[in-house]
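One-letter residues, chain by chain:
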Amino acid sequence: KNNFYMKNSSSINKYTIIITTYNRYEYLKRLLKFYNKYNNQFNILILDSSSDKIDNELSLLVKKKNIDHIKYPPSTFVFNKISDGSKFIKTPFVVICADDDFVIPSAINKCIDFLDKNIDYSSAQGMTYKHYINQVDGEIKFIFKKSIANNLSIYNNDPVKRLSSYCKDHTISNSFYAVQRSKIFQKIWIESKNYSRDWAMSEFIPCALSLLHGKMKVLPIFYASREADQLKWYDDDKLIKMFS
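A. Inspection of the overall build of the chain at higher detail. The helix and strand inventory of the chain stands at nine helices and nine strands. Buried positions account for 50% of the 244 residues belonging to the chain. For the chain, long-range pairs separated by at least 24 residues make up 77% of all intrachain contacts whose partners lie at least 6 apart in sequence. Summed over all atoms, the accessible surface of the chain reaches about 12,800 Å², with 53% contributed by carbon and sulfur.

B. Local environment of the packing of helix α7 (residues 182-193) against helix α8 (residues 199-213). One can describe the packing of α7 onto α8 by two numbers: an axis separation of 9 Å at closest approach and a directional angle of 140°. In terms of orientation, α7 and α8 fall into the oblique class. Once α7 is placed against α8, the crossing between them reads as right-handed. Judged by residue contacts, I184, I188, W189, E191 and S192 of α7 engage S202, I205, P206, L209, S210 and H213 from α8.

C. Quick peek at the pattern of salt bridges. Following the criterion strictly, the structure yields twelve salt bridges and no others. Of the charged contacts, one joins K29 and E26 as a salt bridge, the two residues approaching to 3.2 Å between their closest N and O atoms. Pair noted here: K29 and E26 are both in helix α2 (residues 25-36), with a separation of three residues, about one helical turn. With a relative accessible area of 6%, K29 lands in the buried category. One salt bridge connects E57 with K29, and the closest N-O pair in it is separated by 3.3 Å. Taken as a pair, E57 in helix α3 (residues 56-62) and K29 in helix α2 lie far apart in primary sequence, 28 residues in all. Among the ionic contacts, a cluster of salt bridges with common partners joins E26, K29, K33, D55 and E57.

D. Highlighting the packing of helix α4 (residues 78-85) against α7. Where α4 contacts α7, the two axes come as close as 8 Å, and the packing angle between them is 135°. The pairing of α4 with α7 is recorded here as oblique in orientation. Like other packed secondary-structure pairs, α4 and α7 cross with a definite hand, here left-handed. Contacts between α4 and α7 involve F79, N80, I82 and S83 from the first element and F185, W189, I190 and K193 from the second. In terms of residue class, the contact of α4 with α7 is built from five nonpolar, two polar and one charged.

E. Layout of the packing of aromatic side chains. Under the criterion given, the structure shown has 15 aromatic pairs. Judged by centre distance (5.3 Å) and plane angle (80°), the rings of Y129 and F222 are edge-to-face. Residue Y129 is located in strand β6 (residues 121-136), and its partner F222 is located in strand β9 (residues 215-227); the two are separated by 93 residues in the primary sequence. Taking 5.8 Å as the distance between ring centres and 80° as the angle between the ring planes, the aromatic pair formed by F176 and W189 counts as edge-to-face. Taken together, the residues span a long stretch of sequence, with F176 in the loop between α6 (159-168) and β8 (179-181) and W189 in helix α7 at a distance of 13 residues. Comparing F176 with W189, the two get one shared label, buried. Among the aromatic residues, ring-to-ring pairing joins Y15, F34, Y35, Y38, F42 and F102 into one connected group.

F. Geometry of the environment of P74. Take P74: it is sitting in the loop between β3 (67-71) and α4. Judged by its relative accessible area of 43%, P74 is partly exposed. Spatially, the C-alpha atoms of P74 and S50 are 5.5 Å apart, while their sequence positions differ by 24 residues. Excluding its chain neighbours within four sequence positions, the residues that come into contact with P74 are Y22, S49, S50 and S51.

The rules behind these values
- Residues numbered from 1 in each chain as written.
- Predicted model: local features only at pLDDT ≥ 70, side-chain atom pairs only at ≥ 80, totals over all residues.
- Heavy atoms only, no water.
- Helix = DSSP H or I, 4+ residues; strand = E, 2+ residues; numbered from the N terminus.
- Buried < 20%, exposed > 50% of the residue type's maximum accessible area, 1.4 Å probe, protein only.
- Contact = heavy atoms within 4.5 Å.
- Areas by Shrake-Rupley, 256 points an atom, 1.4 Å probe, with all protein chains shown as cover.
- Axes fitted to C-alpha atoms, helices over the stretch in contact; angles between N-to-C directions.
- Parallel < 35°, antiparallel > 145°, perpendicular 65-115°, else oblique.
- Left-handed = near helix turned anticlockwise from the far one by under 90°.
- Salt bridge = Lys/Arg side-chain N within 4 Å of Asp/Glu carboxyl O.
- Nonpolar A, V, L, I, M, F, W, Y, C, P; charged D, E, K, R; others polar.
- Phe/Tyr/Trp six-rings, centres within 6.5 Å; stacked < 30°, edge-to-face > 60°.

By themselves, these are just geometric observations and shouldn't be taken as functional.
See below:
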């Protein structure tokens, strides 16, 4: 952990991508190979609670100079990892990327430009797509489909009304994977840890706190791709009750 401060003392890099992972090293390798093409232009913080053994290929990937890999016990709740890991961010901006997602670096930079010019916004993101894996004759092809998630900006000046907008339709208004200022992100996650007891509330609380801090912008750009057909953590009845 101490090495993280040394490696990221430079002000050249503007943002950190936080990747959470648990026993899905094939996904993690796929994502790191993608980001490896960007030649260390940003920092990556991997919060890993896997019990799986790291193979040689992954070991080489996580040893890149712009990557810090922090291990947690396998029983660590994912949102406790984010809360703890947030204190190691040394860049002005941060974004969470799940190990089966792809957040596009050029889109992150556009979001940062927007936030630099609009201090009343606490988060910014773009349009999220879904990708489906189609494997035929050993060849893997990605099929992209536009997602309805995260398509709506929330720009009311009243913090309570912003939170109300999120509660009315959380499926199209969610800042969880948006670009955020690191100082606000750290405050949000330290506070969220005190109240998060399950997956549902652990996603709701940081998004709610972000909206209380500021507005949320969705830019008309290709921002991220999320793998489809994954198991979801919630059931619809619980969500309806929670957001009502």
